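# Observations on the three-dimensional arrangement
Residue strings, one per chain:
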Amino acid sequence: MARLAAGVDLGKTSCRLELVRGGDTIGTAVVPGTPGLAEPGGVDAARAAITAGLDAVRRAAGLAPDAVLDVVAVGAAGFAAAHGFGGSLAAGLAAREVVLTSDAITSHVGAFAGGPGAVVAVGTGAVAIGLGANGLVQVD
């Protein structure tokens, strides 16, 4: 059976999710975002937003509410500033594997599939990230 994976874009304005099986999107959801991971209570708010989003995307895909996902990949604004985010979040999700990184990294991967290039993202904040012959460079 094809792996069941959820991609999560956790931002301050919204938390967007896409559920994929075998490379095909089978459900999407958008729920409210969080105040920021480094804010007081930010990690708990992030976990609550992601959990609500996963519940919504399971419903959209017609899955059971307790369906365990193979992978949940989260790109989170403010990821680098939130110590303890990874362990706390992973413990609360029904997934065999949880991958966490910054939204800047997921933007780059989405645009270039791991290849060289540069992305500038502007929203609540701004970040530029580039990958080339000299490695990864980020300005935030």
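The following paragraphs examine the structure supplied in this document. All of these numbers come straight from a predicted model, not from anything done at the bench.

### Brief notes about the sheet that holds strand S1 (residues 4-10)
Pairing is mixed across the open sheet formed by 5 strands, whose spatial order is S3-S2-S1-S4-S5. Lying at the two open borders of the sheet, with one neighbouring strand each, are strand S3 (24-32) and strand S5 (95-102). Along the sheet, successive strands turn relative to each other by an average axial angle of 15 degrees, direction set aside. In the packing of helix H1 (residues 42-61) onto the sheet, the strands contacted are S1, strand S2 (14-21), S3 and strand S4 (69-76), and the crossing angle to S3 comes to about 140 degrees.

### Quick look at the sheet that holds strand S6 (residues 117-122)
Ordered by their spatial adjacency, 3 strands build an open sheet running S6-S7-S8, and the pairing between neighbours is antiparallel. Each having just a single partner strand, S6 and strand S8 (135-139) make up the two edges of the open sheet. When strand polarity is set aside, the average angle formed by the axes of neighbouring strands in this sheet is 10 degrees. In this structure, S6 lies alongside strand S7 (residues 126-132), joined through 6 bridges in antiparallel fashion. By the bridge assignment, Ala-118 is partnered in S7 with Gly-130. Contacts between helix H3 (residues 103-112) and the sheet are confined to S6, S7 and S8, with S6 contributing the most and set at about 130 degrees to the helix.

### Overview of unusual backbone geometry
With the exception of glycine, the majority of residues adopt a negative phi angle, and the majority of peptide bonds are in the trans configuration. With a phi angle near 50 degrees, Ala-113 is a residue other than glycine that sits in the positive phi range. As for its position among the elements, Ala-113 is in the loop between H3 and S6.

### A closer look at H1
In a regular helix each residue adds 1.5 Å, so 20 residues correspond to 28 Å; H1 covers 28 Å between its end C-alpha atoms and thus fits that length. Those residues of H1 that sit buried are Gly-42, Val-43, Ala-46, Ala-49, Ile-50, Gly-53, Leu-54, Ala-56, Val-57 and Arg-58.

### Concerning the nonpolar core
Counting residues in each nonpolar core, the largest one holds 23 residues, and the members touching the most others are Val-8, Leu-10, Ile-50, Leu-54, Leu-69, Val-72 and Val-74. At the level of secondary structure, the elements contributing two or more residues to this core comprise S1, S2, S3, H1, S4 and S5. Considering each element in turn, this core owes the most residues, 6 residues, to H1.

Reading guide: rules and limits
Residues numbered from 1 in each chain as written. Predicted model: local features only at pLDDT ≥ 70, side-chain atom pairs only at ≥ 80, totals over all residues. Heavy atoms only, no water. Pairing = 2+ DSSP bridges. Helix = DSSP H or I, 4+ residues; strand = E, 2+ residues; numbered from the N terminus. Axes fitted to C-alpha atoms, helices over the stretch in contact; angles between N-to-C directions. Contact = heavy atoms within 4.5 Å. Expected span 1.5 Å × (residues − 1). Buried < 20%, exposed > 50% of the residue type's maximum accessible area, 1.4 Å probe, protein only. Core = buried A, V, L, I, M, F, W, Y, C linked by side-chain atoms within 4.5 Å.

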